[in-house]
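Single-letter residue listing:
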Amino acid sequence: MNQLQLFLPCAAGVEQYLAEEVHGLTGLMGQDLQTLRGGVLVRASWRDALLLNLHSRLAQRVLVQLSFTNYRSEKDLYEAASAVAWEIWFTTKQTFKIEVTAQHSPLTSLNFAALKIKDAVADRFRNKRGERPSVDTQWPDVRIYAHLTTDTATLYIDTSGEPLFKRGWREDKGDAPLKETLAAAMIAASGWDPLGDSPLPLYDPCCGSGTIAIEAAWIATQRAPGPMRSFGFEKLKGFDKALWDKIPRDAETKIVFQTAAPIAGSDNDRHIIRAAMANAEAAEVNDLIRWQVQDVQATRPNGEGGIMISNPPYGVRLAEVQALQALYPQLGSWLKQHYAGWLAGMLMRLQPKRKIPLYNGNLDCRLFLIHIRRCRRSASYLSQ
C-alpha cells in the first residue's frame with residue numbers, strides 16, 4: 001500500500017480549486033496530480049491519503065482505486081470485482097456496502113450492477129476465508145464504489161466513511177444547509193486571503209445556519225476541517241494508529257486562535273442566528289464571527305472594501321421564483337449603493353465578472369463574482 005492511486009471526487013466546477021489544494025497539501029504535481037471531470041486523480045502514499053482526509057476542504061471523499069477494466073455486461077462487473085483482493089482491506093467480521101454511479105452506461109439497472117458486484121465480493125471472501133461479510137446499507141464499516149462509463153468500470157474502496165463535508169461540528173442544520181465543501185469552494189473562488197498583510201472582511205448577509213462564516217473562520221485560523229470526526233480508514237485492515245495520531249497532532253500545532261480578518265454573518269430570522277451561533281460555538285470559532293439579526297437590504301459595510309459570499313434563496317416552487325425575480329434587482333441596487341469597492345459572490349441578476357458553475361447537491365447553480373462599483377444614478381436605473 002506504499003503507492004496508491006487516489007481519486008478525490010468534488011462538486012462540478014470545483015476541480016481546479018481542488019487540484020490546487022491537493023498540491024498545496026502534498027506538493028504533488030505533473031503526472032502525480034491530474035485534474036479530471038468531477039475530481040482529481042492522485043498518485044500518492046498512504047500517509048497522503050490520511051493527510052487529505054484530514055485537511056481537504058473541497059473533496060467529497062478520498063477513494064483508493066483498486067480496479068480499472070472494460071465491461072459490456074453485469075458478468076464483466078462480477079469478474080472485475082472477483083479479481084480484487086478485498087481480503088487485504090477488510091475482514092468477514094465487518095459490514096460493507098456497494099454504491100454505483102454511472103455516466104452513459106449501457107446497463108439498464110444500476111441496482112442490478114451493484115448486486116453483481118456485491119455477489120462477487122461475498123463470493124471471493126467465501127472462497128478465500130470460508131465465510132462472507134454481511135451487507136449494511138445504512139452504517140457499513142466499509143464502502144465500495146463503482147463508477148461506470150460507456151465501456152469502463154472503476155472500483156474503489158473508500159477511506160473517508162461519512163462524506164467529508166460532515167466536519168463534525170454541526171448542531172443545527174436549518175433549512176437546506178449549504179454543504180461545507182461547497183462553502184469552501186465559494187470562498188476559494190473569491191480569492192479571499194485571510195492570511196495576508198491586510199486581509200479583507202468577509203461577510204455573508206444571508207448566513208442561514210452559518211456555514212460560510214464558520215468555514216471562513218476555520219480557514220482564517222488554519223484549522224484543518226477533519227479533527228472533530230472519524231474516518232473510514234480507521235476500520236480498514238492494517239490501519240496504523242501511530243501514524244494517524246501524529247497527523248492531527250501536527251495539524252493542531254498550526255492553529256492560530258486570533259485572526260485579523262473580520263468575519264460576519266447576518267440573517268433576518270433571530271432563531272436562525274441562534275442556530276448559527278450554536279454551530280459556531282460547536283466549531284470553536286464563535287468568538288471570531290460577528291453575528292447580527294438584520295434584513296439583507298438593511299445591512300451596511302464594515303469598511304471601504306471586502307468580500308461578500310452568500311447563498312441567497314433561489315427558489316424551487318413557482319411562487320418562490322416569482323418573489324425572487326422581484327427581490328434580486330433590489331439586491332443589485334442595494335449592492336451598488338452601499339457596497340462599492342466590494343467583491344460579491346452570490347446568485348443574482350447582475351452582469352458578472354466571472355460565472356463559475358458549482359453544484360449544490362443535485363442543484364445546478366452558478367457562483368457569480370461581481371465587482372461592485374459606485375452608484376452614479378438612481379437605484380432604479382442601476383438595477384436594470
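Worth saying up front: this structure is predicted, and the values here are computed from it rather than measured.

K.L.:
Requested: an account of the pairing of strand 7 (residues 152–158), with residues and values cited.
P.N.:
Strand residues, when the strand is regular, have side chains that alternate between the two faces of the sheet. Among the 7 residues that make up strand 7, 7 are buried, leaving the element largely enclosed by the rest of the structure. Here strand 7 shows a buried face lined by Thr152, Thr154, Tyr156 and Asp158 and a second buried face lined by Ala153, Leu155 and Ile157. Of the pairings in the sheet, the one linking strand 4 (residues 63–70) to strand 7 comprises 7 bridges and is antiparallel in character. Bridge pairing in strand 7 links Val64 to Ile157.

K.L.:
Let's hear about the state of the cysteines: which residues, and what values?
P.N.:
Each disulfide consists of a covalent bond between the sulfur atoms of two cysteine residues. Scanning the model with the defined rule gives 0 disulfides in all. Here Cys206 is not disulfide-linked; the sulfur of Cys207 is the nearest cysteine sulfur, at 8.3 Å.

K.L.:
Tell me about unusual backbone geometry, and please be specific about residues and values.
P.N.:
Despite not being glycine, His104 has its phi angle at roughly 60°, a positive value. Mapped onto the fold, His104 is located in the loop between strand 5 (96–102) and helix 4 (110–129). Although it is not a glycine, Gln222 adopts a positive phi angle of roughly 60°. The topology assignment puts Gln222 in the loop between helix 6 (211–220) and helix 7 (241–252).

K.L.:
Explain the environment of Thr26 to me, and be specific about the residues and the numbers.
P.N.:
Relative to the helices and strands, Thr26 is located in helix 1 (residues 15–26). Spatially, the C-alpha atoms of Thr26 and Leu52 are 8.3 Å apart, while their sequence positions differ by 26 residues. The residues contacting Thr26, other than those within four sequence positions of it, are Asp48, Leu51 and Leu52. Engagement of the side chain of Thr26 in a polar contact is seen with the backbone oxygen of Val22, the distance being 2.7 Å.

K.L.:
Tell me what's going on with the side chain of Arg229, and back it up with residues and numbers.
P.N.:
Within the element layout of this structure, Arg229 appears in the loop between helix 6 and helix 7. For Arg229, which is buried and forms no salt bridge, the nearest opposite charge comes from Glu162, at a distance of 6.9 Å. What Arg229 contacts, discounting residues up to four positions off in sequence, is Ser160, Gly161, Glu162, Pro163, Leu164, Lys166 and Arg167.

K.L.:
Give me the lowdown on the pairing of strand 2 (residues 33–36), citing residues and values where you can.
P.N.:
Pairing analysis gives 4 bridges linking strand 2 to strand 3 (residues 39–44), with the strands arranged antiparallel. Paired with Leu33 across the bridge in strand 3 is Val42. Remark: 2 residues form the turn of the hairpin made by strand 2 and strand 3, two consecutive strands paired antiparallel; Gly38 in that turn has positive phi of roughly 85°.

Rules behind the numbers
Residues numbered from 1 in each chain as written. Predicted model: local features only at pLDDT ≥ 70, side-chain atom pairs only at ≥ 80, totals over all residues. Heavy atoms only, no water. Buried < 20%, exposed > 50% of the residue type's maximum accessible area, 1.4 Å probe, protein only. Helix = DSSP H or I, 4+ residues; strand = E, 2+ residues; numbered from the N terminus. Pairing = 2+ DSSP bridges. Disulfide = S-S within 2.5 Å. Contact = heavy atoms within 4.5 Å. Polar contact = N/O pair within 3.5 Å; in protein donor to acceptor, adjacent residues only side chain to side chain. Lys, Arg positive; Asp, Glu negative; His and termini not counted. Salt bridge = Lys/Arg side-chain N within 4 Å of Asp/Glu carboxyl O.

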